[in-house]
Amino acid sequence: MTTYGSSETAGGCVYDGVPLAGVGVHVLDADDEGLGRIALSGPTLASGYLGDAERSAATFVAARTLARPTIDSSPVDSAPDGDASRESAPTGLSERRRSEATPGEATLFFTDDLGRFDGALHIEGRIDDVINTGGYKVSPRVVEDVVRGVDGIRDAVVVARPHERWGQCVAVAVVTTERREATDDVLARLMGECRKALPPYAVPAMARVLETIPLTGVGKPDRALIACSPEWHNLRDPR
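Predicted model only: the values in this text are computed from it and were never measured.

S.K.: For this particular structure, what's the right way to read the pattern of salt bridges?
M.R.: Pairing between side chains of opposite charge can happen when their charged atoms approach one another. Counting across every chain of the model gives 9 salt bridges. Of the charged contacts in the structure, one is a salt bridge between aspartate 112 and arginine 37, with a shortest N-O distance of 3.1 Å. Here aspartate 112 is found in strand 10 (residues 107–117), whereas its partner arginine 37 is found in strand 5 (residues 36–41), with 75 residues between them in sequence. The salt bridge partner of glutamate 124 is arginine 116, with a shortest N-O separation of 3.2 Å.

Here is the structure:
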């Protein structure tokens with residue numbers, strides 16, 4: 001069984017993709033494929049961060065301050081207790097006013113996770129890692145899962161690289177099981193599998209081959225270090 005939650009939600013509040021009774025899962029600013037920022041609502045939420053009003057107001061947001069409908073697991077009561085009216089939690093990250101909820105009013109906890117909800121919650125990555133290429137949002141995790149399944153590739157990390165036309169493009173750093181002379185063959189297989197499994201905008205436009213994946217102090221891939229290297233192979237134009 002997998003659980004999803006945090007200290008702000010008093011621990012796990014979604015189990016195997018299904019929220020507990022009374023817990024709402026909301027996808028904010030979802031794209032055409034239903035991918036967006038995950039927010040949570042319900043009785044398990046904290047009221048804020050002790051001694052940090054600014055962070056609290058930015059993270060625990062009153063439902064009434066949001067603008068457009070979300071993809072929701074359940075409706076959120078945006079009115080004070082005693083008012084029978086109910087409506088789906090609205091959203092609109094660019095339009096919302098950050099505001100604390102008053103007692104009895106519905107609150108959404110804005111996570112830093114990217115995901116989708118189709119009856120079950122699927123987490124695709126972190127907001128900070130999302131690649132925005134020509135207006136399309138790409139989760140590195142989705143591309144990495146495809147690339148790691150390619151014959152001859154041991155590991156992969158996907159990052160954003162600047163692109164003069166599309167703002168960013170998808171770039172992948174790989175560790176191969178093949179000798180260096182076989183790099184072209186490995187990258188050709190990589191592109192073939194990605195074209196079959198991914199939408200065109202998510203297919204890597206750049207690649208580099210590493211001996212090992214550099215890690216941060218906490219043992220996670222150092223995406224910033226990988227992305228800043230100038231040593232990349234151009235694979236294609238990202239359209």
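S.K.: Just checking my understanding: could you explain helix 3 (residues 183–197) for this structure?
M.R.: The α-helix advances 3.6 residues per turn, and as a result positions three or four apart in sequence lie on the same side. With 15 residues, helix 3 should cover 21 Å at 1.5 Å per step; its first-to-last C-alpha distance of 21 Å lies within 8% of that length. When helix 3 is considered as a whole, its buried residues turn out to be Thr183, Val186, Leu187, Leu190, Met191 and Cys194. End-on view of helix 3: buried residues confined to an arc of 135°, all on one side of the axis. Away from its buried face by more than 90 degrees, helix 3 exposes Asp184, Asp185, Arg195 and Lys196. Buried-residue contacts for helix 3 involve helix 2 (140–147), strand 14 (153–163), strand 15 (167–176), strand 16 (206–209) and strand 17 (233–234).

S.K.: Looking at this model, I keep getting lost on the side chain of serine 229. Mind explaining?
M.R.: Its location among the elements puts serine 229 in the loop between helix 4 (223–228) and strand 17. A polar contact of 3.2 Å, which involves the side chain of serine 229, links it to the backbone nitrogen of glutamate 231. Beyond its immediate chain neighbours, meaning those up to four positions away, serine 229 contacts Arg161 and Arg208.

S.K.: I'm lost on the sheet that holds strand 15 in this one. Help?
M.R.: Strand-to-strand pairing in sheets goes through backbone hydrogen bonds, with the strands running parallel or antiparallel. With mixed pairing, 4 strands are arranged side by side in an open sheet as 14-15-16-17. Each edge of the open sheet carries a strand with a single partner, namely strand 14 and strand 17. Pairing analysis gives 4 bridges linking strand 15 to strand 16, with the strands arranged parallel. Bridging from a neighbouring strand, alanine 173 pairs with arginine 208 of strand 16. Helix 2 rests against strand 14 and strand 15 of the sheet, and its axis sits at about 140° to strand 14. Most of the contacts of helix 3 go to strand 15, to which it runs at about 125°, and overall it touches strand 14, strand 15, strand 16 and strand 17.

S.K.: What am I meant to see in the packing of aromatic side chains here?
M.R.: The way to describe two aromatic rings as a pair is by their centre distance and the angle between their planes. Evaluated as defined, the whole model comprises 3 aromatic pairs. Ring-pair connections join several aromatic residues into one group, and the members of that group are Tyr49, Phe60 and Phe109. A cation over a ring is seen here: arginine 55 above tyrosine 49, with NZ or CZ 3.8 Å from the ring centre. Its guanidinium or amino end placed over the ring of tryptophan 232, arginine 208 lies 5.6 Å from that ring's centre, counting from NZ or CZ.

S.K.: So what exactly am I meant to see when it comes to the sheet that holds strand 1 (residues 3–6) here?
M.R.: If you trace the 3 strands from one edge of the open sheet to the other, you get 1-2-3, paired in antiparallel fashion. Each end of this open sheet is capped by a strand with a single partner; those strands are strand 1 and strand 3 (18–19). Both strand 1 and strand 2 (residues 11–15) contribute to a ladder of 4 bridges, which runs antiparallel. The partner of tyrosine 4 across the bridge, within strand 2, is valine 14.

S.K.: Looking at this structure, how should I read the nonpolar core?
M.R.: A general feature of soluble globular proteins is that nonpolar side chains tend to end up buried together. Ranked by internal contacts, the top residues of the largest apolar core, which has 23 residues, are Val143, Val147, Val172, Val174 and Leu190. Listed by contribution, the elements that provide at least two residues to this core are helix 2, strand 14, strand 15, helix 3 and strand 16. Take this core: its biggest share by element is 5 residues, from helix 3. Apart from residues lying up to four places away in sequence, valine 143 is in contact with Val138, Val158, Val170, Leu198, Ala202 and Pro204. Val14, Val25, Tyr49 and Phe109 belong to the second largest nonpolar core, which has 14 residues in total.

Criteria and cut-off values
Residues numbered from 1 in each chain as written. Predicted model: local features only at pLDDT ≥ 70, side-chain atom pairs only at ≥ 80, totals over all residues. Heavy atoms only, no water. Salt bridge = Lys/Arg side-chain N within 4 Å of Asp/Glu carboxyl O. Helix = DSSP H or I, 4+ residues; strand = E, 2+ residues; numbered from the N terminus. Expected span 1.5 Å × (residues − 1). Buried < 20%, exposed > 50% of the residue type's maximum accessible area, 1.4 Å probe, protein only. Arc of directions from axis to C-beta. Contact = heavy atoms within 4.5 Å. Polar contact = N/O pair within 3.5 Å; in protein donor to acceptor, adjacent residues only side chain to side chain. Pairing = 2+ DSSP bridges. Axes fitted to C-alpha atoms, helices over the stretch in contact; angles between N-to-C directions. Phe/Tyr/Trp six-rings, centres within 6.5 Å; stacked < 30°, edge-to-face > 60°. Lys NZ or Arg CZ within 6 Å of the ring centre and 35° of its normal. Core = buried A, V, L, I, M, F, W, Y, C linked by side-chain atoms within 4.5 Å.

Shape is all these values report; function is a separate question.
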